[in-house]
Amino acid sequence: MKKFLPLFIVSLILCFCMGGFSGSANNSYVFSEVGAQSDDVSMTYEDGKLTIEGLDEAANLMQASFTGKVLTGVKLLEAKNGTTEVTANIGDKFFLWSATNAMRPLSAAVTVRPAEQPEPSNNILVAYFSRTGENYSVGTITTGNTAIVAQMIAEQTGGDLFEIKPVTPYPSDYQEMLAVAQREAAENARPEIADTAVNMQDYDVVFIGYPIWNGDMPKIVYHFLESYDFSGKTVVPFNTHEGSGQGSTQRNIENLLPNATVPRGLAVRGATAQNSRSEAESAVKNWLSGLNLPAPGTGSGA
Ligand SMILES: Cc1cc2nc3c(=O)[nH]c(=O)nc-3n(C[C@H](O)[C@H](O)[C@H](O)COP(=O)(O)O)c2cc1C
């Protein structure tokens with residue numbers, strides 16, 4: 001141990017000159033350089049393995065850690081361009097010193113720092129159709145009932161919102177709307193969608209929201225679901241209504257998308273979404289917590 005004493009002292013001084021230790025709990029590491037490295041020696045750290053390149057003489061590797069003893073893991077490296085494996089924690093510093101000359105540093109200090117956590121790719125889409133204007137039980141509204149629930153789901157899941165809008169707007173008059181919906185149902189229409197620019201391959205989980213019209217989904221929602229390949233994805237229905245619950249939509253979506261997983265959907269009263277938001281929010285929260293959605297990237301994603 002005596003042999004290393006001068007090194008310990010120099011290392012300690014260097015440690016604190018270079019800004020001390022950083023140290024927050026984190027599972028991933030990056031090996032960031034502190035100061036320029038000398039003698040073309042480089043140290044890189046990946047997956048628990050420290051790689052040292054450019055050594056032209058035997059060297060001591062020192063691992064300094066802030067765990068009471070301050071300095072641990074002194075190791076003699078014999079090979080030129082040697083590679084060695086060390087375990088490291090956030091805040092650990094590494095130094096290379098000449099094995100023959102205790103005062104000759106071969107590298108600057110490098111510190112293991114918390115890696116920037118990459119944003120997990122958001123794999124959730126919250127697509128919905130909703131109508132503003134005059135409606136049953138809520139009067140004339142400027143944000144549709146289903147839109148309100150869609151926003152709650154997007155907020156609670158971090159999903160991307162997408163509104164399914166018709167090329168030809170629906171009437172805001174309620175009676176006129178009933179007539180249009182009946183006609184679409186009779187014709188089994190597929191109303192045109194204004195914006196079709198969804199990169200569906202980016203999503204593993206797709207929430208699909210709609211009002212109940214005559215016990216079923218509006219035909220424009222059929223058109224949306226028929227426009228993409230949902231194989232391998234999880235498609236989660238949610239809807240608003242004024243008494244029909246989900247109507248026939250759960251079964252209809254399951255039949256329409258036989259290659260998708262379709263968990264049990266959520267039905268919220270339109271008037272509750274519009275006028276009792278905290279009640280609606282709790283319903284959304286409870287439902288979401290029971291869904292066990294796949295983790296990002298584990299669905300088809302393609
Ligand atoms: C054309 C039309 C048909 C409807 N049919 C039903 C129905 O069969 N059952 C039901 O419970 N509610 C029905 N409703 C009420 C809507 O489902 C409810 O108001 C819903 O919250 C509207 O959502 P939105 O504001 O997102 O469009 C209907 C509403 C309209 C406009």
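Note that the structure is predicted; figures quoted are calculated from it, not measured.

Student: Got a minute to help me understand the sheet that holds strand 9 (residues 124–128) in this structure?
Tutor: What holds strands together in a sheet is hydrogen bonding between their backbones, with the strands either parallel or antiparallel. Taken together, the five strands give an open sheet; going across it, the order is 12-9-13-14-15, and neighbouring strands pair in parallel fashion. The open sheet is flanked by strand 12 (160–163) and strand 15 (266–269), the only strands paired with a single partner. Taking the axes of each pair of neighbouring strands and ignoring which way they run, one obtains an average angle of 20° across the sheet. Pairing analysis gives four bridges linking strand 9 to strand 12, with the strands arranged parallel. By the bridge assignment, Y128 is partnered in strand 12 with E163.

Student: Sorry, what's going on with the site of the ligand here?
Tutor: Contacts to the ligand come from 22 residues, most closely from S130, T146, P211, T240 and G270. Put simply, the parts of the chain that give the shell around the ligand at least two residues each are helix 2 (145–157), helix 3 (174–187) and strand 14 (234–241). For the shell around the ligand, the per-class residue count stands at eight nonpolar, 12 polar and two charged.

Student: Would you explain unusual backbone geometry in this entry?
Tutor: The phi torsion of most residues other than glycine is negative, and most of the peptide bonds are trans. Even without glycine at this site, S137 takes up a positive phi of about 75°. Tracing the chain through its elements places S137 in the loop between strand 10 (133–135) and strand 11 (139–141). Although it is not a glycine, N188 adopts a positive phi angle of roughly 50°. Mapped onto the fold, N188 is located in the loop between helix 3 and strand 13 (205–211).

Each value, and the rule that gives it
- Residues numbered from 1 in each chain as written.
- Predicted model: local features only at pLDDT ≥ 70, side-chain atom pairs only at ≥ 80, totals over all residues.
- Pairing = 2+ DSSP bridges.
- Helix = DSSP H or I, 4+ residues; strand = E, 2+ residues; numbered from the N terminus.
- Axes fitted to C-alpha atoms, helices over the stretch in contact; angles between N-to-C directions.
- Near = placed C-beta within 6 Å.
- Nonpolar A, V, L, I, M, F, W, Y, C, P; charged D, E, K, R; others polar.

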